[in-house]
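# Structural features, examined
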Amino acid sequence: MKKLPIAVIGAGPVGLAAVAHLLERGLEPVVFEAGPTAGAAIDQWRHIRLFSPWRFNLDAAAVRLLEPSGWKAPRLTALPYGGELIDDYLAPLAALPAISSRLQTGARVRAVTRAGLDKTHVRDRDTTPFVVRVEHEDGEIRDHTVAAVIDASGTWSTRNPLGASGLAAIGENTAAGRISAPLPDVMGRDRSSFAGRRVLVVGAGHSAANTLINLADLAKDEPGTTILWAVRGASAEKVYGGGDADGLPARGQLGSRLRRLVEAGKVELHAGFGISSLKTLETHVSVEAADGRTLDADVVVPCTGFRPDVDILREVRLNLDPAVEAPVELGPLIDPEFHSCGTVPPHGARVLAHPEKDFYIVGMKSYGRAPTFLLATGYEQVRSVAASLAGDQAAADTVHLELPETGVCSTDAGTSCDVPAPDTLAPVETGTGPKAGSKPGSELRGMAHMSGLRP
């Protein structure tokens, strides 16, 4: 087992941070990325600007790995776009020989199991290697034998449905041709799909806010562009957020600007609009709410949040919270019914553990359906997990997390922003020791899951 590599699924910010921490611990990682490059999911929303400045979005171990290569850190106070996060950080990190030699792109993980054991078998399970079944870009499917698995595959590929009950609305699948990607580039790549059309944005998070603001900018240049906004809640107050009181100013500005657009009639808000069905007509789609109201639109933008895909883990012994589908000990700490992003305590390998020894879900996927994830949380998660896999349990149990003051969290579902936030959030610490990777980070939810929508 000690001679086998550790599999990391996903080469996004948290996945690559996991690799950096494993290398620092003298462990051997192998990384499987389904996309053609590292950060492939972020590339789909490279036009989005993050809320938080660069200094909150860099993992400490990754920076230590980059610095000897001559890499120049970006201006730490600047707010990066998703594309800059890739071009100026993730791509150089992935190109380092220490990582590129261990990174397999176009490698989609199809299943994780134990060698020769399905999930019903107990004997010798903890000392049996894992098998990660991977479909490679040439179409060949190969099994890779590894000592441990860190699943940092995120949730971008599995958005929540438009239906109000957690299921796809009746007719939603049939209407797929009129439903856009969760974060379309309405001012650039996808402009022709929205210019001069009736656009319905569904959702009450920052991905919705960002899209609505970009559509309002588009409407200035493209007459006839009509912007509709449907939210399930009774009002949009939680989306407007903390304004000037927000600890991340760009996030506060986003909510304030959206409020002004609604009040000026530039965005037509429909509150209490829980979608029950979509009817595809020859020229448009008719969207019906549970109370019988209907909205006609040419295109629907689903800003409804995301959920984890656990199908690849059917042969792994998981212990998931029944509500948010996070590791069972983490679930109560992040449940959006009771917690905002500023009230989640620091946590590491012990909280993330499953009955399956040496298997961890980290990053956005570890939060399941909870919309309150921070990049800083993911960096601290993988620092702790790497320490645990290296046998340094004391370091694994010493976890830290420093959070910026916040009057609002990024949310696409639930009521996490209904929880009053304290006036000031002091740094949260548990234990003592070095704070490697304990920088605050941007929220990863709405926009492809990186919080930090453009103000």
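Residues numbered from 1 in each chain as written. Predicted model: local features only at pLDDT ≥ 70, side-chain atom pairs only at ≥ 80, totals over all residues. Heavy atoms only, no water.

### What to know about the overall build of the protein
- In terms of regular secondary structure, the protein is built from 12 helices and 17 strands.
- Burial analysis of the protein (455 residues in total) assigns 56% to the buried set.
- Considering only contacts within the protein whose residues lie at least 6 apart along the sequence, 73% involve residues at least 24 apart.
- A total accessible area of about 17900 Å² is found for the protein, and carbon and sulfur atoms account for 50% of it. (Helix = DSSP H or I, 4+ residues; strand = E, 2+ residues; numbered from the N terminus. Buried < 20%, exposed > 50% of the residue type's maximum accessible area, 1.4 Å probe, protein only. Contact = heavy atoms within 4.5 Å. Areas by Shrake-Rupley, 256 points an atom, 1.4 Å probe, with all protein chains shown as cover.)

### Overview of the environment of alanine 176
- Mapped onto the elements of the fold, alanine 176 is located in the loop between strand 7 (148-151) and strand 8 (198-202).
- According to the relative accessible area criterion, alanine 176 is partly exposed, its value standing at 46%.
- Between the C-alpha atom of alanine 176 and that of threonine 280, which follows or precedes it by 104 residues, the distance is 9.3 Å.

### What to know about the pattern of salt bridges
- Under the criterion given, the structure shown has 23 salt bridges.
- As a salt-bridge pair, aspartate 392 and arginine 25 come within 3.0 Å of each other at their nearest N and O atoms. Taken together, the positions of aspartate 392 in the loop between helix 11 (375-389) and helix 12 (393-397) and arginine 25 in the loop between helix 1 (13-24) and strand 2 (29-33) put the pair 367 residues apart, joining distant regions of the chain.
- Judged by relative accessible area, aspartate 392 falls into the partly exposed class, the value being 28%.
- Owing to a relative accessible area of 34%, arginine 25 belongs among the partly exposed residues under this scheme.
- In this structure, aspartate 151 engages lysine 365 in a salt bridge whose closest nitrogen and oxygen atoms are separated by 2.7 Å. Within this pair, whereas aspartate 151 is found in strand 7, its partner lysine 365 is found in the loop between strand 15 (359-361) and helix 11, the two being separated by 214 residues in sequence.
- Connected through salt bridges with shared partners, the residues Asp43, Arg46 and Asp87 form a single ionic network. (Salt bridge = Lys/Arg side-chain N within 4 Å of Asp/Glu carboxyl O.)

### Details of the side chain of glutamate 356
- By secondary structure assignment, the location of glutamate 356 is in the loop between helix 10 (349-352) and strand 15.
- For glutamate 356, a relative accessible area of 1% corresponds to the buried category.
- Side-chain polar atoms of glutamate 356 contact the side chain of arginine 114, separated by 2.8 Å.
- Filtering out sequence-adjacent residues up to four positions away, glutamate 356 remains in contact with Arg114, Arg125, Phe130, Glu315, Val316 and Arg317. (Polar contact = N/O pair within 3.5 Å; in protein donor to acceptor, adjacent residues only side chain to side chain.)

### Observations regarding helix 6 (residues 206-221)
- A rise of 1.5 Å per residue sets the reference length of helix 6, with its 16 residues, at 22 Å; its end C-alpha atoms lie 24 Å apart and thus fit the reference within 8%.
- For helix 6, a buried count of 13 out of 16 residues is recorded, marking the element as mostly surrounded by other parts of the structure. (Expected span 1.5 Å × (residues − 1).)

### Re the layout of surface pockets
- Each pocket or cavity is described by its volume, and for the largest pocket that value is around 750 Å³.
- Along the walls of the largest pocket sit 40 residues, with Glu33, Ala41, Ser153, Gly154 and Ser157 positioned nearest its centre.
- Among the secondary structure elements, those contributing two or more residues to the lining of the largest pocket are helix 1, strand 2, helix 2 (40-43) and strand 4 (108-114). (1 Å grid on protein atoms, 1.4 Å probe; cavity = no way out; pocket = protein on both sides within 12 Å on 5 of 7 lines; lining within 4 Å. Points joined across faces, edges and corners; volume = space filled by probe spheres on them.)

Spatial relationships are all this shows, so hold off on functional conclusions.
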